[in-house]
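Next come the chains, spelled out residue by residue.
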2 protein chains.
Amino acid sequence: MLGLMQDWPLLIPKVIDHAGLYHGNRKVISRSVEGPIVETTYSAIRRNALRVAKRLEKDGIRLGDRVGTVAWNTWRHLEAWYGITGLGAVYHTLNPRLFPEQIAWIANHAEDRMMMVDLTFVPLMEKLQDKLPLVERYVVLTDAANMPQTSLKNAVAYETWLDEVDDDFAWGSFDENTAAGMCYTSGTTGNPKGVVYSHRSNVIHSLTVNGPDMFGMASKDVIMPVVPMFHANGWSLAFTAPMAGTTMVMPGPKMDGASIYELLDTYKVTLSAAVPTVWLMLLQYLEQNGLKLPHLGKTVIGGSACPRAVTEKFRDVYGVEVLHAWGMTEMSPLGTICSLKPEVANLTGDAWLDIKETTGHPPFSVEMKIIDDEGTELARDGKAFGRLMVRGPAVAGAYFKGEGGNILDDNGFFDTGDVASIDPNGYMRIVDRSKDVIKSGGEWISSIDLENLAVGHPDVAEAAVIGIAHPKWDERPLLVVVPKPGRQPARDGVLAYMDGKIAKWWMPDDVVLVDEIPHTATGKIQKTALRDQFKAYRFPG
Amino acid sequence: MLGLMQDWPLLIPKVIDHAGLYHGNRKVISRSVEGPIVETTYSAIRRNALRVAKRLEKDGIRLGDRVGTVAWNTWRHLEAWYGITGLGAVYHTLNPRLFPEQIAWIANHAEDRMMMVDLTFVPLMEKLQDKLPLVERYVVLTDAANMPQTSLKNAVAYETWLDEVDDDFAWGSFDENTAAGMCYTSGTTGNPKGVVYSHRSNVIHSLTVNGPDMFGMASKDVIMPVVPMFHANGWSLAFTAPMAGTTMVMPGPKMDGASIYELLDTYKVTLSAAVPTVWLMLLQYLEQNGLKLPHLGKTVIGGSACPRAVTEKFRDVYGVEVLHAWGMTEMSPLGTICSLKPEVANLTGDAWLDIKETTGHPPFSVEMKIIDDEGTELARDGKAFGRLMVRGPAVAGAYFKGEGGNILDDNGFFDTGDVASIDPNGYMRIVDRSKDVIKSGGEWISSIDLENLAVGHPDVAEAAVIGIAHPKWDERPLLVVVPKPGRQPARDGVLAYMDGKIAKWWMPDDVVLVDEIPHTATGKIQKTALRDQFKAYRFPG
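Just so it is clear, the model here is predicted, and its values are computed rather than measured.

A. Examining the overall build of chain A more closely. Of the regular secondary structure elements, chain A holds 15 helices and 24 strands. What you see for chain A is a C-alpha radius of gyration of 24 Å, in line with the 24 Å of a compact globule of 541 residues. With respect to the three principal axes, the spread of C-alpha positions in chain A is 75 × 65 × 50 Å. Counting across all 541 residues of chain A, residues that qualify as buried make up 60%.

Below is the structure:
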């Protein structure tokens, strides 16, 4: 027996329709790539999105076609997303920070037919366009006055292109499982893999992550999404904000402390979302200039962990609540946010910091479990740790063109590649990446925990831990250390420092001093390169 | 091209799973029908819901079967709903306040196979059971110690019945469009009609109505749903609260001022939902006893309008924000909530009350429009009024067994039967019921506006306005007045009082004095009976 409710597909055009009708005067304020700050409204954005859809159709774009965007967070990028999805085409954000060859590989793999490009990236795309035979036209996100001379194929300024049509257009009609957006993950091994969001997944995800314990944005709030739209589906804020009628402040190309502060202060931003580096730059700027943040209430921080001292300073000096978040491109992208449930709401001091340092708990619609190597679910006791598996309507079920094969286990869970613990209140803590964890005698040792401990030693500048093959224990940890300038810490001294702070069997079997530890482009320790470097290493004795 | 996200159906069992795992210690506190206040948790409720599902299966209940409930708001009623839906069966709430013949008609039409009945309603069901040949068993929602002697077929105490099974059970696996619940509307004409909620509609509705501008319940909140679960899907709070991890305080059978106050105060309730009469009783109790409401932050009021003086008193004396809400059984049931958007957030005095008196604005997923008799959409200017049409994933598309035929227009909109205006910010105001509006020369006159105006006359106790056939204008308004004791207001005096306060052409063509105006069981003016009474009436001249 079926319910007798209306068949009303969950479609992104309905989101911008809602914003246009019920929050039509609410502003979207952007620092433009051209320089000036530009104000528009949800109502005007909706009308332009209708024109984008109509204009794309005129250019031959059809249901399912991919339209690439290489752009900062601005109102034009929003209009493009809504217009593309309103036609049933697919927005495909390209990350301009990748190597040019990667960008070309990804655009070709996705078979992008058009590109919408910010002024900043015109030179980049000019260099790449010979490698992009499938791209039929480049729309430069600017107006006629700012349009540069360019060799880009069929190049046109966005505003000129839009002016050829009016907004008398009806959104496409299609199934809610229709593809809406794409974003590639750049794994450390193999080719990038395309995650394909549907209208349904974006709408459900946006609804669930705006619950009062999650982003909790109301129509009276002002959100500044510093996290770029090309980073992990822009944390879905391009949908969540109009759904809630929240004013948006878009930073455009400038993420330095002064620029971010100017927007936060001028437009009374109440809520923001960014990676930690942005906040470190902002804090430095605030301190140097003796400034405060009277309007900002909370900030969601993801991408990597926010240092405890920063979380404390935000609270104590600026009155801002830091909310750690965790997610993945494959999760649309949010999995957890660290808001405080009643059980932990009244903690203070270190106990408070311990909770704030976790990645938090999932909203309804994100299922999580931790399992051991045999697939057995582990206890949610805050101690046991295992592979973190996730399931939900906004979690990837497969990659584009079947790359990577079947990525789900027998129960439909996706392996995040993270190793984590979950405490009885549902707070999840990332312990390690599963490929970096050390497997010793059937038990797991967290390389990250050992590294964090070792860098506390006064002579240690940086530390990395990798597993080295061991005849009896399968793997044992090797601690690789970069000493501070002029220091030469002894093996036994380092191990003595760690003694008593970890389980005996976690103790590294050896310590090796090196001048340098290899890093990725984004500054993370490159464990694969380190393992290569030490592949001939054997423990003494 | 389809998205590549996981196929994760929106099912109610996932809601209680989420609450059990991530908000497991959060309490559900109920005033039991037996008397004592009983505390349990989402975790324990989930385990019992698994047992309900397993036990129902043992009794032969299968996917799609209807299980009736005649019960107050308690933890056992919640367990029953989750258990029934977890099996893919359908909870069917029966309103014990209806006439017994109506209850029997509805249970038979729904083909309920089992009944879960509170102690309060055992005598009622004993009288009715001969008329309910399809009901195979009555489960009395109590324990062995409180189980009464009863003639109910296969009667068993809920706790005894549950004790026959453990909680080792896997929720059913089925499509998200599977029926989950039923509630009949008791229209003023024709037989009651069954609205059939799906898992999908309940989940989406619960997500959207808990947005920060709507209920906005967080895990730190404490909600008291005074509105009964048998009234319009219980305003969906049985799903919204566990989804958000909000503590629930259930009033059981006692809705008097003292009982409600005891729970509000003892359990520090932060948010509530009820019809106005409950709050009038509470206010009287507070005033008589000099009490305050230090914990309650806001209360959602629906079912009928909350008088302006009550809204003001709640704010000024008790610091409680009243949020008007509007909805229908056919809308799962919420359509709008009157929270304040930035455009109206700073209003004061009458302007503030004018907005607070509207029914508010819809969340994403509720589409509204107003149309004239030709189906043309009318302006959202706060002045034009027309038939209120709604569309959305939690709006009825048909009634059970096709009663009433096709209930949607060509664009898939459902006619609410209300006449309304919508202002530029999206605030909706109910002007009249469409069957009561007076159609004069192709224009509409609101009977409610005329009645509200007429009762302002010092000699008028009650007023009703109906349309009377008119050779030239099609219909013209007749004002029917019950004078205050000992008064005899003259026709011309009443009309003179109204003059200047309404458009000239709205002026009633005549005024008739009567001793009494007919009312429905719930106290509303029975316009059908009044029209019958005046069907021979002709305007003078």
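Don't stop here, the text continues.
B. Local environment of the relation of the copies chain A and chain B. When chain A is brought onto chain B, the operation consists of a screw motion whose angular component is 180° and whose axial shift is 0.0 Å, with 0.1 Å RMSD remaining. Both copies are brought into coincidence by an operation consistent with a two-fold rotation axis. Same-surface contact between copies: 100% of interface residues of chain A are shared with the interface of chain B.

C. Just the sheet that holds strand E6 (residues 137-140) of chain B, in detail. Residues and elements named next belong to chain B. Spatially, the seven strands line up as an open sheet ordered E7-E6-E5-E3-E4-E8-E9, and their pairing is mixed. Either end of the sheet is taken by a strand with one partner, and the two such strands are strand E7 (156-157) and strand E9 (193-198). Here strand E3 (residues 66-70) runs beside strand E4 (residues 90-93); their pairing, made up of four bridges, is parallel. What sits directly across from Gly-68, in E4, is His-92.

D. View of the sheet that holds strand E7 (residues 156-157) of chain A. Residue and element names in this part refer to chain A. Strand order in the open sheet made by the seven strands is E7-E6-E5-E3-E4-E8-E9, with mixed pairing throughout. Only two strands of the sheet have a single neighbouring strand rather than two, namely E7 and strand E9 (193-198). Two elements, strand E6 (residues 137-140) and E7, share two bridges in a ladder whose sense is parallel. Bridge pairing in E7 places Val-139 opposite Val-156. Seen against the sheet, helix H4 (residues 100-110) touches strand E3 (66-70), strand E4 (90-93), strand E5 (112-117) and strand E8 (179-185) and runs at an angle of roughly 150° to E8. The sheet strands contacting helix H7 (residues 199-209) are E4, E8 and E9, and the helix crosses E9 at an angle near 75°.

E. Focus on the environment of Gly402(B). Relative to the helices and strands, Gly402(B) resides in the loop between strand E17 (386-391) and strand E18 (414-422). For Gly402(B), a relative accessible area of 43% corresponds to the partly exposed category.

F. View of the interface of chain A and chain B. On the chain B side, the residues contacting the 73 residues of chain A number 73 residues. Of the roughly 5,600 Å² buried where chain A meets chain B, counting both sides, 62% is carbon and sulfur surface. Joining chain A to chain B, the criterion identifies six salt bridges. Here Lys14(A) ties to Glu367(B) by a salt bridge, and the two come within 3.5 Å at their closest N and O atoms.

G. Seen up close, the side chain of His92(B). Residue and element names in this part refer to chain B. Position of His-92 relative to the elements: it lies in strand E4. What makes His-92 buried here is its relative accessible area of 0%. Here Asp-112 takes part through its side chain, which lies 2.9 Å from a polar atom of the side chain of His-92. Residues in contact with His-92, not counting those within four places in the same chain, are Val-67, Gly-68, Thr-69, Ile-106, Ala-107, Ala-110, Asp-112, Met-182 and Tyr-184.

H. Expanded view of the packing of aromatic side chains. In the structure shown here, the tally under the stated rule is 28 aromatic pairs over all chains. Relative to Phe239(A), the ring of Tyr91(A) lies with its centre 6.3 Å away and its plane at 45°, an arrangement referred to as tilted. Placement of the pair is Tyr91(A) in strand E4 and Phe239(A) in helix H8 (residues 237-244), with a sequence separation of 148 residues. There is no split in this pair, since Tyr91(A) and Phe239(A) are both buried. Ring geometry for Trp72(B) versus Phe121(B): centroids 5.2 Å apart, planes at 40°, classification tilted. Highlighted residues: Trp72(B) in the loop between E3 and helix H3 (75-86) and Phe121(B) in the loop between strand E5 (112-117) and helix H5 (122-128), separated in sequence by 49 residues. Each member of the pair Trp72(B) and Phe121(B) is classed as buried. Each residue in the set Trp72(A), Phe121(A) and Phe230(A) is aromatic and connected to the rest through ring pairs, giving one cluster. Above the ring of Trp352(A), the side-chain terminus of Arg315(A) is found at 3.8 Å from the ring centroid. One Lys or Arg, Lys369(A), reaches over the ring of Phe413(A) and ends 4.2 Å from the middle of that ring.

I. Highlighting the pattern of salt bridges. A full pass over the atoms with the stated rule returns 77 salt bridges over all chains. One salt bridge in this structure joins Arg308(B) and Glu357(B), with 2.9 Å as the shortest N-O distance. Here Arg308(B) is found in helix H11 (residues 308-318), whereas its partner Glu357(B) is found in helix H12 (residues 349-357), with 49 residues between them in sequence. On the basis of relative accessible area, Glu357(B) is assigned to the partly exposed category, the value being 38%. Between Asp373(B) and Arg387(B) there is a salt bridge, with the nearest N and O atoms lying 3.4 Å from each other. On the criterion of sequence distance, the pair formed by Asp373(B) in the loop between strand E16 (367-371) and E17 and Arg387(B) in strand E17 is long-range, its members being 14 residues apart. Because the salt bridges share partners, they merge into one network encompassing Arg55(A), Lys58(A), Asp59(A), Arg137(A) and Glu164(A).

J. Up close: helix H2 (residues 42-58) of chain B. Taking 1.5 Å per residue, 17 residues should reach 24 Å; H2(B) reaches 24 Å between its end C-alpha atoms and fits that length. Within H2(B), the full set of buried residues consists of Tyr42(B), Ser43(B), Ile45(B), Asn48(B), Ala49(B), Leu50(B), Arg51(B), Val52(B), Ala53(B), Arg55(B) and Leu56(B).

K. Broad picture of the state of the cysteines. Under the defined criterion, the tally for this structure stands at zero disulfides over all chains. Take Cys338(A): it sits in no disulfide, and the sulfur closest to it among the cysteines is that of Cys306(A), at 11 Å.

L. Just the side chain of Thr247(A), in detail. Looking at the secondary structure, you find Thr247(A) in strand E11 (residues 247-250). Excluding residues that lie within four positions of it along the chain, Thr247(A) makes contacts with Arg26(A), Lys27(A), Ile29(A), Asp221(A), Val222(A) and Ile223(A).

M. How the structure looks around helix H1 (residues 12-22) of chain B. Within H1(B), nine of the 11 residues are buried, which leaves it mostly tucked inside the rest of the structure. Of all the residues in H1(B), the buried ones are Ile12(B), Pro13(B), Lys14(B), Val15(B), Ile16(B), His18(B), Ala19(B), Gly20(B) and Tyr22(B).

N. Looking closely at the packing of helix H3 (residues 75-86) of chain A against H8(A). Residue and element names in this part refer to chain A. For the pair H3 and H8, the least separation of the axes is 11 Å and the interaxial angle reads 90°. Between H3 and H8, the interaxial angle falls into the category roughly perpendicular. Residue-level inspection shows Leu-78, Trp-81 and Tyr-82 of H3 in contact with H8, the latter providing Ala-238, Phe-239 and Pro-242. Split into classes, the residues belonging to the contact of H3 with H8 amount to six nonpolar, no polar and no charged.

O. Examining empty space enclosed by the protein more closely. All told, the structure shown has seven cavities of 30 Å³ or more when counted by the stated rule. By volume, the largest cavity amounts to about 460 Å³. Around the largest cavity, the lining is made up of 34 residues, and of these Leu207(A), Asn210(A), Gly211(A), Asn210(B) and Gly211(B) lie nearest the centre. Secondary structure elements with two or more residues in the lining of the largest cavity: H7 and H8 of chain A together with helix H7 (199-209) and helix H8 (237-244) of chain B. In terms of residue class, the lining of the largest cavity is built from 18 nonpolar, 14 polar and two charged.

P. The arrangement of the domain arrangement of chain A in detail. Segmenting chain A into domains produces domain 1 (13-30 + 42-198) and domain 2 (438-533). Once you take the C-alpha centre of each, domain 1 of chain A and domain 2 of chain A turn out to be 45 Å apart.

Q. A look at unusual backbone geometry. For the bond running from Ser332(A) to Pro333(A), omega is 10°, close enough to zero to count as cis. One non-glycine residue, Ser236(B), lies in positive phi territory at about 65°. Along the chain, Ser236(B) turns up in the loop between strand E10 (222-225) and H8. Assessed through its relative accessible area of 0%, Ser236(B) is described here as buried. Even without being a glycine, Ser332(B) presents a positive backbone phi close to 80°. Among the structural elements, Ser332(B) can be located in the loop between strand E14 (321-327) and strand E15 (334-337).

R. The arrangement of the pairing of strand E1 (residues 27-31) of chain A in detail. All names here are of chain A. Along E1, four of the five residues are buried, which leaves the element largely enclosed by surrounding structure. Here E1 pairs with strand E2 (residues 37-41) via five bridges, running antiparallel. Across the sheet, Val-28 pairs through a bridge with Thr-40, a residue of E2. Where E1 folds back on E2, the antiparallel hairpin that results is connected by five residues, among which Gly-35 adopts a positive phi of roughly 130°. Direction of pairing for E1 relative to E11: parallel, over a ladder of three bridges. Within E11, the position partnered with Val-28 by the bridge is Met-248.

What counts as what
Residues numbered from 1 in each chain as written. Chains lettered and ligands numbered in written order. Predicted model: local features only at pLDDT ≥ 70, side-chain atom pairs only at ≥ 80, totals over all residues. Heavy atoms only, no water. Helix = DSSP H or I, 4+ residues; strand = E, 2+ residues; numbered from the N terminus. Rg over C-alpha atoms; globule rule 2.2 N^0.38 Å. Buried < 20%, exposed > 50% of the residue type's maximum accessible area, 1.4 Å probe, protein only. Least-squares fit on C-alpha atoms with pLDDT ≥ 70 in both. Contact = heavy atoms within 4.5 Å. Pairing = 2+ DSSP bridges. Axes fitted to C-alpha atoms, helices over the stretch in contact; angles between N-to-C directions. Buried area = accessible area lost by both parts, 1.4 Å probe. Salt bridge = Lys/Arg side-chain N within 4 Å of Asp/Glu carboxyl O. Polar contact = N/O pair within 3.5 Å; in protein donor to acceptor, adjacent residues only side chain to side chain. Phe/Tyr/Trp six-rings, centres within 6.5 Å; stacked < 30°, edge-to-face > 60°. Lys NZ or Arg CZ within 6 Å of the ring centre and 35° of its normal. Expected span 1.5 Å × (residues − 1). Disulfide = S-S within 2.5 Å. Parallel < 35°, antiparallel > 145°, perpendicular 65-115°, else oblique. Nonpolar A, V, L, I, M, F, W, Y, C, P; charged D, E, K, R; others polar. 1 Å grid on protein atoms, 1.4 Å probe; cavity = no way out; pocket = protein on both sides within 12 Å on 5 of 7 lines; lining within 4 Å. Points joined across faces, edges and corners; volume = space filled by probe spheres on them. Domains from an automatic or database assignment.

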